[in-house]
Amino acid sequence: MQSILETNEALAAEAAEAPSAEATVRESLEAKAKAARERDLKGYKPPRRSLFKNPLRRWGWLFLGPVVAAFIIGFVWPFIQGIYLSFCSFRTTSDAQLLPAKGENLFGNYIKAVTDPSFLHSFWYTALFAIVSLIMINVLAFTVAYALTQGVKGSNLFRTVFFMPNLIGGIVLGYIWSMIFDGILSYYGTSILMETKFGFWGLIILMCWQQIGYMMIIYIAGLQAVPEDMMEAAKIDGATKTQTLFRVVIPNVMPSITICTFLSLTNGFKLFDQNLALTGGLPFIIQSDGSTIKTTEMLALNIYNTFYGSNVAAQGTAQAKAVLFFILVAALGLIQLAYTRKREVQQ
Amino acid sequence: MDKSNPPTLFVIGNQQGVKDWKDYAIDLTDTAIAKELNTDAYNLYDESGKLVSIGYCYECYGIIANPDLIEQAGHTMDEIKNFDGLKAVAEDIHARAAELGFDAFSSSDMDDSSSWRFTGHLANLEYFYEERDAGGWTECPSSLTGKYMENYKNLYDLIINNSLTAPTDLATGGHDAENEFKTGAAAFFVNGSWEYAAVSETVKNATMIPYYCGVEGEEKAGLNCGTENCWAVNSKVSEADQQATIDFMVWLVSDPDASAAMVEQLGIMPYKNAVESTNGFLNDAAKYTADGCYVMDWATNYQPNVDEYRAALVSALNAYNADQSDANWDLVKTAFVDGWATQYAAANAA
């Protein structure tokens with residue numbers, strides 16, 4: 001009983017004091033606001049609680065860190081070192097010596113690279129291959145994709161089957177196809193290694209076989225995204241199938257065409273495994289001085305052969321070729337992207 | 001080699017390797033391991049006479065023959081003492097292949113898994129006789145004369161034209177020459193002593209004969225003996241590590257158990273205290289030497305820019321296999337002789 005009374009008294013006392021406490025708080029808040037206003041007038045801003053307010057902007061680097069580190073270790077640093085090495089003579093990379101230190105032209109490796117007839121041959125051969133394969137792969141992939149979006153029975157099965165070759169590695173494909181081609185060519189007493197044109201068309205067939213399925217998937221996605229209402233409008237307006245294809249469908253799948261041509265062009269230029277496994281550069285032209293031009297050798301294989309096939313001095317040359325190769329592929333890719341981007345339709 | 005803790009013991013197997021890696025190897029002259037050797041024949045020196053690497057085993061190659069099949073065809077091994085003898089036997093077997101049920105030579109495929117038998121090993125007969133005329137090579141010659149190309153052609157033609165496989169089918173390969181010999185489908189097989197274990201499983205009497213190719217006095221020829229298995233010690237590691245490495249090498253070649261294991265794996269070892277070999281072909285090689293025949297050393301090891309050089313030779317031989325015309329043989333000669341000079345120049349460019 002006693003305790004309850006006491007509690008009540010305490011509560012009453014508290015209630016009596018309450019207004020004054022509230023007033024105190026209000027006063028202090030007002031004072032703070034006033035002080036703040038005064039500070040603002042002086043150009044002072046209170047510290048922002050950024051750790052909680054804007055964590056992503058502040059701490060984003062922490063999350064990017066692993067990827068950035070991996071990218072720098074695995075790509076940026078080797079890339080810079082690669083450029084440096086292209087001006088060097090070296091056996092192991094830590095022993096690299098800049099060419100002027102050996103009394104040679106700084107650009108000696110680049111001069112050797114661009115005056116190497118085998119490099120020039122492989123450049124033109126690669127360019128021809130890239131263009132032919134670009135056209136063949138994209139035309140065929142688009143045709144297959146178009147056919148398989150017309151509601152053919154079992155089209156899902158066909159899509160899977162067409163995509164599958166893409167899952168096999170390049171070296172394996174090269175050896176398998178060399179057996180297939182030789183199985184046929186041996187009837188005629190020859191082999192894919194005997195003639196440049198066999199090697200060229202063999203590689204085209206191989207690449208078409210491997211890449212069409214992949215590009216087809218991209219085209220199918222593009223074709224399915226063509227707005228139904230546009231197709232319907234074309235139908236109502238009496239457009240023929242051909243007109244619909246060229247005036248409605250193709251402009252609408254331009255983004256897919258961009259990505260597919262980009263992929264097949266750079267793939268064509270970078271091709272290595274299939275080239276190595278299918279012909280490895282054979283047959284050669286044996287020149288009268290005993291030097292050779294490997295008639296089916298593409299750029300990447302040429303760089304590899306220069307690096308590993310010749311002497312120590314040639315490693316710098318191979319490195320210079322690799323830098324030129326990078327510039328070429330990057331430039332071609334960017335030009336081609338810029339060109340096809342212009343033709344894309346904004347929906 | 002570029003690691004912070006690099007290997008102390010590594011292999012420098014040929015003159016190209018010496019050229020590329022000699023700065024990474026110590027001079028082994030008069031070291032404990034050099035004193036264990038019983039011959040200097042398998043060591044590699046650089047131009048200044050530094051002993052860069054020393055052989056730890058050696059091998060031999062030639063033509064592996066199946067005496068049982070040769071007897072079955074009505075011939076004997078004694079008939080084969082020179083090229084004419086070999087040619088007579090091989091051509092007779094090939095002509096009667098259908099009747100006999102086996103052919104003379106197993107396939108000589110030109111793919112990477114097999115072409116080295118002809119662009120590397122068989123080519124050695126040309127290099128060896130040139131080297132012998134020159135009084136021995138101590139370093140890679142800058143050019144060849146091609147004087148013995150006809151002899152190379154003799155034996156090469158005999159092999160491709162008296163074989164299980166038509167010459168036009170060799171480019172891509174895919175024939176298993178070892179199996180052809182093992183199963184008794186062919187009487188001759190161009191290869192080396194490392195095949196002994198596999199071949200002797202089924203062909204108990206398999207023996208090895210020299211490359212008979214029509215050179216005068218070749219009745220006295222022996223097998224091609226040499227090695228690409230030569231140890232070098234890293235010059236860029238501490239002296240203590242170098243010493244420990246040499247101690248380890250000495251143990252490998254002199255300890256009874258260690259050297260027995262090495263001989264079993266590697267054939268025959270040119271060291272005083274190593275155990276003896278059980279490899280029939282290597283014992284054939286030793287027998288030829290004991291009979292006073294000359295050893296054909298591995299002049300092939302001098303091939304400059306070896307991969308590029310052999311690749312060109314493969315391409316030229318492919319064309320020749322498809323059409324054995326003089327023009328195509330001239331291309332083989334160009335790749336063989338001029339290719340040597342070109343690759344020598346490339347390999348020795350500054």
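Residues numbered from 1 in each chain as written. Chains lettered and ligands numbered in written order. Predicted model: local features only at pLDDT ≥ 70, side-chain atom pairs only at ≥ 80, totals over all residues. Heavy atoms only, no water.

## Quick look at the overall build of chain B
Move 1: Regarding its fold elements, chain B presents 15 helices and 10 strands.
Move 2: Taken over C-alpha atoms, the radius of gyration comes to 21 Å for chain B, in line with the 20 Å a tight globule of 350 residues would show.
Move 3: On the principal axes, the C-alpha backbone points of chain B span a range of 65 × 45 × 35 Å.
Move 4: For chain B, the residues scored as buried account for 59% of the 350 residues in total.
Move 5: Residue pairs at least 24 apart in sequence account for 74% of intrachain contacts in chain B once pairs closer than 6 positions are excluded.
Move 6: Carbon and sulfur atoms make up 47% of the accessible area of chain B, which amounts to about 13800 Å² in all. (Helix = DSSP H or I, 4+ residues; strand = E, 2+ residues; numbered from the N terminus. Rg over C-alpha atoms; globule rule 2.2 N^0.38 Å. Buried < 20%, exposed > 50% of the residue type's maximum accessible area, 1.4 Å probe, protein only. Contact = heavy atoms within 4.5 Å. Areas by Shrake-Rupley, 256 points an atom, 1.4 Å probe, with all protein chains shown as cover.)

## Description of the overall build of chain A
Move 1: Along chain A, the regular secondary structure elements total 14 helices and 4 strands.
Move 2: In chain A, buried positions account for 38% of the 347 residues.
Move 3: A sequence separation of at least 24 residues applies to 70% of the contacts in chain A between residues at least 6 apart.
Move 4: As displayed, chain A has an accessible area near 20800 Å², and 67% of this comes from carbon and sulfur atoms.

## Some details on the interface of chain B and chain A
Move 1: Tallying the contact residues gives 30 residues for chain B and 30 residues for chain A.
Move 2: Summing the contributions of chain B and of chain A, the shared interface buries around 2300 Å²; its carbon and sulfur component is 52%.
Move 3: Of all residues in chain B, D2(B), T172(B) and E308(B) give up the largest surface area on contact with chain A, accounting jointly for 21% of the area buried on that side.
Move 4: Here chain B is connected to chain A by 1 salt bridge. (Buried area = accessible area lost by both parts, 1.4 Å probe. Salt bridge = Lys/Arg side-chain N within 4 Å of Asp/Glu carboxyl O.)

## So, helix α8 (residues 149-161) of chain B
All names here are of chain B.
Move 1: Relative to the 18 Å expected for 13 residues at 1.5 Å per residue, α8 spans 18 Å between its end C-alpha atoms, a close match to the ideal helical length.
Move 2: Burial within α8 is extensive, with 10 of its 13 residues counted as buried.
Move 3: Along α8, the residues classified as buried are M149, N151, Y152, K153, L155, Y156, D157, L158, I159 and I160. (Expected span 1.5 Å × (residues − 1).)

## Focus on the domain arrangement of chain B
Residue and element names in this part refer to chain B.
Move 1: Parsing chain B into structural domains produces domain 1 (9-58 + 227-272) and domain 2 (60-225 + 301-347).
Move 2: Each of domain 1 and domain 2 has a C-alpha centre, and these two points are 30 Å apart.
Move 3: Facing the 10 residues of domain 1 at the interface are 7 residues of domain 2.
Move 4: Roughly 740 Å² of surface becomes buried between domain 1 and domain 2 when both sides are summed, with 50% attributable to carbon and sulfur atoms.
Move 5: The largest share of the area that domain 1 buries against domain 2 comes from Q15, Q16 and Y58, three residues that together contribute 52% of it.
Move 6: On the surface where domain 1 and domain 2 come into contact, there are 0 salt bridges.
Move 7: Run the count over domain 1 and domain 2 and you get 1 residue pair in polar contact (both at pLDDT 80 or more).
Move 8: Here the side of domain 1 that touches domain 2 is composed, by residue class, of 2 nonpolar, 5 polar and 3 charged. (Domains from an automatic or database assignment. Polar contact = N/O pair within 3.5 Å; in protein donor to acceptor, adjacent residues only side chain to side chain. Nonpolar A, V, L, I, M, F, W, Y, C, P; charged D, E, K, R; others polar.)

## Examining the nonpolar core
Move 1: Core analysis: the biggest nonpolar cluster contains 127 residues, and Y152(B), L155(B), Y156(B), F188(B) and F336(B) have the highest contact counts within it.
Move 2: Of all the elements, helix α8 (residues 196-224) of chain A adds the most residues to this core, at 12 residues.
Move 3: Those residues in contact with L155(B), other than ones at most four positions away along the chain, are I63(B), F83(B), L86(B), L122(B), L125(B), Y211(B), Y212(B) and C213(B).
Move 4: Core analysis: the next-biggest nonpolar cluster, separate from the first, contains 22 residues, I26(B), L51(B), Y56(B) and V250(B) among them. (Core = buried A, V, L, I, M, F, W, Y, C linked by side-chain atoms within 4.5 Å.)

## A look at unusual backbone geometry
Residues apart from glycine generally show negative phi values, whereas peptide bonds are mostly found in trans.
Move 1: Here the residue pair L282(A) and P283(A) is connected by a cis peptide bond, since its omega of -5 degrees sits within 30 degrees of zero.
Move 2: Relative to the helices and strands, P283(A) resides in the loop between α12 (273-278) and β3 (284-286).
Move 3: Phi is positive for D30(B), which is not a glycine, with a value near 65 degrees.

## Observations regarding the packing of aromatic side chains
Residues and elements named next belong to chain B.
Move 1: Scanning all chains against the criterion turns up 44 aromatic pairs over all chains.
Move 2: Residues Y152 and F336 carry aromatic rings whose centres are separated by 5.2 Å and whose planes lie at 50 degrees to one another, so their mutual orientation is tilted. Of the two residues, Y152 sits in helix α8 while F336 sits in helix α15 (residues 326-347), which places them 184 residues apart along the sequence.
Move 3: We classify Y152 as buried; its relative accessible area is 0%.
Move 4: We classify F336 as buried; its relative accessible area is 0%.
Move 5: Ring pairing ties together the aromatic residues F118, Y127, W137, Y152, Y156, Y302, Y309, Y320, W329, F336 and W340, which thus form one cluster.
Move 6: Its end group placed over the ring of Y24, K236 keeps NZ or CZ at 4.5 Å from the ring centre. (Phe/Tyr/Trp six-rings, centres within 6.5 Å; stacked < 30°, edge-to-face > 60°. Lys NZ or Arg CZ within 6 Å of the ring centre and 35° of its normal.)

## Focus: helix α13 (residues 299-309) of chain A
Move 1: Counting buried positions over the 11 residues of α13(A) gives 8, a clear majority of the element.
Move 2: Buried within α13(A) we find L299(A), A300(A), L301(A), N302(A), I303(A), N305(A), T306(A) and G309(A).
Move 3: At its buried positions, α13(A) is contacted by α5 (117-148), α11 (254-270), α12, β4 (292-294) and α14 (313-342) of chain A together with α14 (306-322) of chain B.

## Thoughts on the pairing of strand β6 (residues 186-192) of chain B
Residue and element names in this part refer to chain B.
Move 1: The buried count for β6 comes to 7 of 7 residues, which makes it a mostly enclosed element.
Move 2: Two strands pair when backbone bridges link them, and strand β4 (residues 59-65) and β6 are joined in this way by 5 bridges, in the antiparallel orientation. Looking across to β6, one finds that I64 is bridged to F189.
Move 3: Pairing of strand β5 (residues 103-105) with β6 involves 2 bridges; the strand directions are parallel. Along β6, the bridge assignment pairs D103 with A186. (Pairing = 2+ DSSP bridges.)

## Observations regarding the side chain of N229(B)
All names here are of chain B.
Move 1: Tracing the sequence through the fold places N229 in the loop between β8 (221-226) and β9 (230-233).
Move 2: For N229, a relative accessible area of 18% puts it in the buried group.
Move 3: The contacts of N229, once residues within four sequence positions are left out, are I54, G55, Y56, C57 and E59.

## What to know about the pattern of salt bridges
Move 1: Counted by the stated rule, this structure contains 11 salt bridges over all chains.
Move 2: Residues K197(A) and E195(A) are paired through a salt bridge, measuring 3.7 Å at the closest nitrogen-oxygen approach.
Move 3: Here D157(B) makes a salt bridge to K153(B), at a shortest N to O gap of 3.0 Å. With D157(B) and K153(B) both in helix α8 and 4 residues apart, this pair spans about one turn of that helix.
Move 4: Connected via shared salt-bridge partners are D92(B), R96(B) and E99(B).

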